[in-house]
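Chain by chain, the residues run as shown.
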Amino acid sequence: MSRRSLTLAIASVATVAAIAVAVLFPVPYVILTPGPTLNTLGKDSSGQPLISVTGHPTYPTNGHLNLVTISYMGGPGVRLNIFQALRAWLAPSEAVVPEGEIFPPGQSAQQTQAQDTQQMASSQELATAAALSELHISYQPQVEVLSTVPGYPASKSLKAGDVIEAVDGKPVTSPAALSSMVTAHPAGTTLQLQVLRGTQTLTVPVASKASNGTPVIGVNVEQNYKFPFNVQITVGAIGGPSAGMMFALGIIDMLTPDNLTNGKFIAGTGEITASGQVEPIGGIQQKLVGARDAGATVFLTPAGNCSETVGAVPAGLKIVKVSNLSQAVSDLEAIKAGKSVPSC
């Protein structure tokens, strides 16, 4: 074999080997693409309303208040090669991000999905709380026991599902409030907890115990809420917290006679707190594309995501910068009246 033929043969083998490595060996990235959008004022694929209210008057709605989502390819147990990553990197509507941004190290896809499901459930409660706060409808914050810590006083007195209503006669409205009430006294102090267990209200004495120099009772709790009527939100397998603002707007629209959309196709995103603050989310560029592809002409964007929208807004989509739920409602009213609204 001539030197030229040998060189070509070696180059060919090297090229084939490089292609094989690129195809067969996964890269630690995830591809983000625009996902489905759902109208919070509409119905799901089975004909059931996404938001249903019982026990309180509701009003007819029209138009769209769409939540938006992202889809992803890759992650633990899913092979994503360099060619797939490069193709997505070149696509204007897709993004390639490190796997760790979507899946925390050591966490499986199933664990991430379970976490997303829990975040979705929490976002629905927070959205209901924010909507009722905006409408000045009273509700009751609650602190529920998730579990107790073995070897600590609460493990002998409290059970999962207990609602801690008061400590020494002072109302408990949040996990932070409970923690402050426990740490306000020296370790070893016996506290009188008013607890709702099922339908019974009990007074349960629980002593605190020092842990790393801090008085604790050894209980894991979560914030939830008791509402004066039932709000049911159904979105299927969609997870995560980013639909909170759109849920809240959908609830407000259903509970008030004044239509928020005026028949327009409005979409948006943003995690929400019970007080109505709108927090930034991930995948904003893909959500903009998904919203416009679905027909949206207005997009409500968290103020914290504004810098990521630069150069990524599809033609025909108006961006509205939102910091809180009250502002979102005011902006929608302004759009109806033909007035200007803040943009990114």
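Scroll up to find the structure this text is about.
Residues numbered from 1 in each chain as written. Predicted model: local features only at pLDDT ≥ 70, side-chain atom pairs only at ≥ 80, totals over all residues. Heavy atoms only, no water.

Looking at the overall build of the protein chain
Part 1 of the reasoning: Secondary structure assignment for the protein chain yields 10 helices and 18 strands.
Part 2 of the reasoning: Rg of the C-alpha trace for the protein chain: 26 Å, well past the compact-globule value of 20 Å for 344 residues, more than 25% over.
Part 3 of the reasoning: Structurally, the protein chain occupies a C-alpha span of about 95 × 60 × 35 Å along its principal axes.
Part 4 of the reasoning: The buried share of the protein chain, taken over its 344 residues, is 40%.
Part 5 of the reasoning: Across the protein chain, contacts joining residues at least 24 apart in sequence account for 71% of those joining residues at least 6 apart.
Part 6 of the reasoning: Side chains of the protein chain give 18 positive and 20 negative charges; the mean places of these two sets differ by 7 Å. (Helix = DSSP H or I, 4+ residues; strand = E, 2+ residues; numbered from the N terminus. Rg over C-alpha atoms; globule rule 2.2 N^0.38 Å. Buried < 20%, exposed > 50% of the residue type's maximum accessible area, 1.4 Å probe, protein only. Contact = heavy atoms within 4.5 Å. Lys, Arg positive; Asp, Glu negative; His and termini not counted. Charge placed at Lys NZ, Arg CZ, Asp CG, Glu CD.)

Quick notes on the sheet that holds strand E14 (residues 265–268)
Each strand in a sheet pairs with another by means of backbone hydrogen bonds, the pair being arranged parallel or else antiparallel.
Part 1 of the reasoning: Spatially, the six strands line up as an open sheet ordered E4-E1-E3-E14-E17-E18, and their pairing is mixed. Two strands bound the open sheet, and with one partner strand each, they are strand E4 (95–98) and strand E18 (318–322). The average angle at which neighbouring strand axes cross in this sheet is 35°, direction not considered.
Part 2 of the reasoning: Relative to E14, strand E3 (residues 64–74) runs parallel, the two sharing four bridges. In the strand pairing of E14, Leu 67 is matched with Gly 268.
Part 3 of the reasoning: Across the sheet, helix H7 (residues 244–255) is in contact with E3, E14, strand E17 (298–302) and E18; its angle to E3 comes to roughly 155°.
Part 4 of the reasoning: In this fold helix H8 (residues 284–294) packs onto strand E1 (29–39), E3, E4, E14, E17 and E18, with an angle of close to 40° to the strand it touches most, E1. (Pairing = 2+ DSSP bridges. Axes fitted to C-alpha atoms, helices over the stretch in contact; angles between N-to-C directions.)

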